[in-house]
Amino acid sequence: MLIRRQTDIPFDQDAASRQLPWIVAIMIYLSGMAIAGAIALNGLVSVWSSGLSGALTIQIPASAKLEAAHQRADAVLMIVRKTRGIQQARLLRREEVIRLVQPWLSSEAGAESLPLPLLVDARIAPGTPVDTGALADAVAKAAPGAMVENHARWAGRFVGFARSIWAVALVVVVLIGVATVITVVFSTKTGLRIHRRVISLLHLIGAHDRYIARQFERQALWLSLRGAVFGIICAVGTVFGIAYLAGKAGLAPTAGALFTPFQWALFASVPIGAAVVALLTARLTVLRTLRRMT
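Residues numbered from 1 in each chain as written. Predicted model: local features only at pLDDT ≥ 70, side-chain atom pairs only at ≥ 80, totals over all residues. Heavy atoms only, no water.

Across its full length, the protein chain holds nine helices and four strands. Reading the secondary structure of the protein chain in the N-to-C direction produces α-β-α-β-α-β-α-β-α-α-α-α-α. Intrachain contacts of the protein chain at a sequence separation of at least 6 include 82% that bridge at least 24 residues. When the accessible surface of the protein chain is totalled, it reaches about 17200 Å², and 65% of it is carbon and sulfur. (Helix = DSSP H or I, 4+ residues; strand = E, 2+ residues; numbered from the N terminus. Contact = heavy atoms within 4.5 Å. Areas by Shrake-Rupley, 256 points an atom, 1.4 Å probe, with all protein chains shown as cover.)

In structure tokens:
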């Protein structure tokens, strides 16, 4: 292979180089987990926000007289259906309301006996604005105490939260990249000091700085790529492990369904990017250091 071609410098005797793959593996693992977490959270937020956007919920307080509560619900339902921009509206059955509140109640709570409010689920036609303020006033007159909840506000908050997570993940990846560059610089400078006599001998027989730099950059490329591949494999294994456990608990889809092919390609490109950065860092470090030595 090109990156493992025989060199004139005995890198096998360099202790610092032997540590580089492990350090890079840790860095890439952390980067991969940061990216995977951001992608997964962004996917979940997209699912949640798509379900929330374009939806309204009208909550009608429970009443001791069930017939009176249903009369108010019918009046609210008529108002909602006549509202401009509402595509469809329906009154949720009591069984559906119980399923909604069941996760927050213990099995002994007996949700069937609780005085649950009546809920009207309304869907907004795409691209059609709805005057929720006027709708809330009309609903309050028909059913005192009734509340109109516009889920678009929650969808906006979810999207903003996802963008913040992406920004944090990007900062983490950049900081890890900087730490990787510093590690490669330190490893390369250590190698230059260890092999100073060999480098001087190569200079005496006519070797140019670029020739020596190519040997160091191949070594950095090979070691970084080896560590980066190991780190990303561990990260992918961790992602599938978390997705498997979450799927068994019914909390999330599998990792394959969570990521798109493009996102998997982005995930797989992390080792290549790390190896290229290591190669360029080693080349610049060697050339600058050799210029100072001569």
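At a closest axis distance of 10 Å, the pairing of helix α6 (residues 196-204) and helix α7 (residues 209-248) adopts a crossing angle of 140°. As summarised for this structure, α6 and α7 are arranged oblique, according to the angle between their axes. Once α6 is placed against α7, the crossing between them reads as right-handed. Residues Ile199, Leu202 and His203 of α6 touch α7, and the partners they reach there are Asp209, Ile212 and Phe216. Of the residues contributing to the contact of α6 with α7, the split by class is four nonpolar, one polar and one charged. (Axes fitted to C-alpha atoms, helices over the stretch in contact; angles between N-to-C directions. Parallel < 35°, antiparallel > 145°, perpendicular 65-115°, else oblique. Left-handed = near helix turned anticlockwise from the far one by under 90°. Nonpolar A, V, L, I, M, F, W, Y, C, P; charged D, E, K, R; others polar.)

Bringing the sheet that holds strand β2 (residues 86-91) into the picture now. Pairing in this open sheet of four strands is antiparallel, and the strands run β2-β3-β1-β4 from one edge to the other. With one partner strand each, in any of the chains shown, β2 and β4 (147-150) form the two edges of the open sheet. With direction set aside, neighbouring strand axes in the sheet form an average angle of 20°. Inspection of the sheet shows strand β1 (residues 55-60) paired to strand β3 (residues 118-124) by six bridges, in the antiparallel sense. Across the sheet, the residue bridging to Ala55 is Arg123, located in β3. Taken strand by strand, helix α2 (residues 66-82) contacts β1, β2 and β3, and its axis lies near 170° from that of β2. (Pairing = 2+ DSSP bridges.)

Turning our attention to the pattern of salt bridges. All told, the structure shown has four salt bridges when counted by the stated rule. A salt bridge links Arg90 to Glu96; the nearest nitrogen and oxygen atoms lie 2.9 Å apart. The salt bridge involving Arg93 is made with Glu96; its shortest N-O contact spans 3.8 Å. Salt bridges linked by common partners bring Arg90, Arg93 and Glu96 together as one network. (Salt bridge = Lys/Arg side-chain N within 4 Å of Asp/Glu carboxyl O.)

We now examine the confidence of the model for the protein chain. When pLDDT drops low, the exact placement of atoms in the prediction is not to be read closely. Summary statistics for the protein chain give a mean pLDDT of 79 and a share of 81% for residues scoring 70 or more. Looking over the protein chain, one finds the lowest element-wise mean pLDDT in helix α8 (residues 255-258), namely 53, and the highest in α7, namely 86. (pLDDT = per-residue confidence, 0-100.)

Moving on, we get to α2. For α2, spanning 17 residues, the distance from its first C-alpha to its last is 25 Å, which sits close to the expected 24 Å at 1.5 Å a residue. As for α2, its buried residues are in contact with β1, β2, β3 and α4 (132-142). (Expected span 1.5 Å × (residues − 1).)

Attention now moves to the side chain of Thr190. Looking at where Thr190 falls in the secondary structure, it is placed in helix α5 (residues 152-194). Of note is the side chain of Thr190, whose polar atom sits 2.7 Å from the backbone oxygen of Phe186. (Polar contact = N/O pair within 3.5 Å; in protein donor to acceptor, adjacent residues only side chain to side chain.)

On to the packing of aromatic side chains. Scanning all chains against the criterion turns up three aromatic pairs. Ring centres of Phe240 and Trp264 lie 5.7 Å apart, and the angle between their planes is 15°; this geometry places the pair in the stacked category. Here the residue Phe240 occupies a position in helix α7, and Trp264 occupies one in helix α9 (residues 261-293), the gap between them amounting to 24 residues. Judged by relative accessible area, Phe240 falls into the partly exposed class, the value being 41%. (Phe/Tyr/Trp six-rings, centres within 6.5 Å; stacked < 30°, edge-to-face > 60°. Buried < 20%, exposed > 50% of the residue type's maximum accessible area, 1.4 Å probe, protein only.)

Bringing the nonpolar core into the picture now. Core analysis: the biggest nonpolar cluster contains 20 residues, and Ile28, Phe259 and Phe267 have the highest contact counts within it. Filtering out sequence-adjacent residues up to four positions away, Ile28 remains in contact with Ala228, Gly231, Ile232, Val270 and Ala274. (Core = buried A, V, L, I, M, F, W, Y, C linked by side-chain atoms within 4.5 Å.)

Our focus in this paragraph is the environment of Ile39. Here Ile39 is to be found in helix α1 (residues 15-52). Expressed as a C-alpha distance, the spacing of Ile39 and Ile165, which sit 126 residues apart in the sequence, is 9.4 Å. Each residue touching Ile39, except ones within four places of it in the same chain, is listed here: Trp166, Phe259 and Gln263.

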